[in-house]
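Listed below are the residues making up each chain.
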Amino acid sequence: MLLSIAAFSVAAFALTCLPAMLSASAEEGTSVPQDLLDLTIVRAPASGSACWNSTLDAGSPLKPLPSPVCAATFSATVSKVLDSVPEGAPKDTLALGIRVDDPEGRSCWLICSVSPSQHPAHRPSALLGDYFLCGTNKSMNDLPGDPAKASVVIWFPDFFPALALAARAGRISADLPSLWIGCIYPFSETSVCSEDAAVICANLKSSARFELSSISVDGEELAFVGNCACVPPSNGPHDVSVSGVSYAALFPARITQTFYGLRL
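This section reports on the structure supplied with the text. It should be emphasised that the depicted structure is a prediction, and the values quoted were computed from it without experimental measurement. (Residues numbered from 1 in each chain as written. Predicted model: local features only at pLDDT ≥ 70, side-chain atom pairs only at ≥ 80, totals over all residues. Heavy atoms only, no water.)

### Let's talk about the overall build of the protein chain
Reasoning step 1: Scanning the protein chain for helices and strands turns up two helices and 19 strands.
Reasoning step 2: Buried positions account for 43% of the 264 residues belonging to the protein chain.
Reasoning step 3: Considering only contacts in the protein chain between residues 6 or more positions apart, those separated by 24 or more positions represent 68%. (Helix = DSSP H or I, 4+ residues; strand = E, 2+ residues; numbered from the N terminus. Buried < 20%, exposed > 50% of the residue type's maximum accessible area, 1.4 Å probe, protein only. Contact = heavy atoms within 4.5 Å.)

Shown next as structure tokens:
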């Protein structure tokens, strides 16, 4: 009887302490037992050196790219005349649609518009099927000439709110390094380019589930989807801080870890 009580007490103590142990911070390269995260950095080279120009064509609005672009390297300069709106284009903003493909053969359309008030949304379309829409808060650049034009650079992280919504709906993978873009829907003048990128992914050293809640490089917060973010490559050194929730134990536990002196 006494042994049973003692065993129960030890088990209860272990369950009580486990979340607290997992929530401690750690730094790469130390011997601290709570050093629980792995950080993977993948270099994504540009897909060719050229840029591809497109405009809205109401008769054939979907524009396949000459060759697929690694999604992490995607960027586009979108321009429009301020006092005219091409048919099918949003009336108040600049926007771009992209078709994202994953290794499992799934694909979905994402649309990003320059609109700070546009929350992620899942909408139907006769042309695209279901698509996922989000907004980004970016300032426009005025272009010289008459009539007046404005432009903005949209790159793949601007689509992350829509991509996260699509991933939760099971329509596309959230594994950022594996995604490709093969077709765009230009709402106005669009120049698509591919630029070198570094993809940063955080995971537990165990096979348990980990949900990223923030990631920053040298104190600057990055947009992320799944457990990954992407940045322009740099030889560094850089400090990368990661925060998230581990589901390795019976109770969710928060982990914060900083990796020092990394080259991106």
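### Re unusual backbone geometry
Negative phi is the rule for most residues except glycine; trans is the rule for most peptide bonds.
Reasoning step 1: Positive phi is not limited to glycine here, since Asp-218 has a value of about 55 degrees.
Reasoning step 2: Note on Asp-218: relative accessible area 45%, which makes it partly exposed.

### Examining the state of the cysteines
Reasoning step 1: Tallying each qualifying case throughout the model produces two disulfides.
Reasoning step 2: Each disulfide pairs two cysteine sulfurs, and for Cys-201 the partner residue is Cys-228, the sulfurs being separated by 2.1 Å. In this structure, the disulfide formed by Cys-201 and Cys-228 twists by about 110 degrees around the S-S bond and is classed as right-handed. Separated by 27 residues along the polypeptide, Cys-201 in strand E14 (residues 197–204) and Cys-228 in strand E17 (residues 228–231) bring together distant segments of the chain.
Reasoning step 3: The class for Cys-201 is buried, based on a relative accessible area of 8%.
Reasoning step 4: For Cys-228, a relative accessible area of 5% gives the class buried.
Reasoning step 5: If the cysteines joined by disulfides in the protein chain are listed in sequence order, their pairing comes out as 1-2, 3-4. (Disulfide = S-S within 2.5 Å.)

### Focus on the sheet that holds strand E12 (residues 180–186)
Reasoning step 1: The strand order E4-E12-E6-E7-E9-E8 describes an open sheet built from six strands, whose pairing is mixed. Each edge of the open sheet carries a strand with a single partner, namely strand E4 (63–70) and strand E8 (121–123). Across this sheet, the average inter-strand angle for adjacent strands is 30 degrees, counted without regard to direction.
Reasoning step 2: Note that strand E6 (residues 95–101) and E12 share six bridges and pair antiparallel. Across the sheet, residue Arg-99 finds its bridge partner in E12, namely Cys-183.
Reasoning step 3: Of the strands in this sheet, strand E7 (107–114), E8 and strand E9 (131–136) are in contact with helix H2 (residues 160–168), which crosses E9 at around 150 degrees. (Pairing = 2+ DSSP bridges. Axes fitted to C-alpha atoms, helices over the stretch in contact; angles between N-to-C directions.)

### What to know about the packing of aromatic side chains
Reasoning step 1: One pass over the structure, following the stated rule, counts four aromatic pairs.
Reasoning step 2: Ring centres 6.5 Å apart and planes at 70 degrees place the aromatic pair Phe-74 and Phe-159 in the edge-to-face group. With a gap of 85 residues between them, Phe-74 in strand E5 (residues 74–81) and Phe-159 in the loop between strand E11 (149–155) and H2 connect regions that are remote in the sequence.
Reasoning step 3: Given a relative accessible area of 1%, Phe-74 falls into the buried group.
Reasoning step 4: Note on Phe-159: relative accessible area 0%, which makes it buried.
Reasoning step 5: Ring geometry for Phe-156 against Phe-160: centres 5.6 Å apart, planes inclined by 90 degrees, an arrangement best described as edge-to-face.
Reasoning step 6: Put simply, the rings of Phe-74, Phe-156, Phe-159 and Phe-160 pair up and form one aromatic cluster.
Reasoning step 7: The residue whose ring lies beneath Arg-209 is Tyr-247, and the NZ or CZ to ring-centre distance is 3.9 Å. (Phe/Tyr/Trp six-rings, centres within 6.5 Å; stacked < 30°, edge-to-face > 60°. Lys NZ or Arg CZ within 6 Å of the ring centre and 35° of its normal.)

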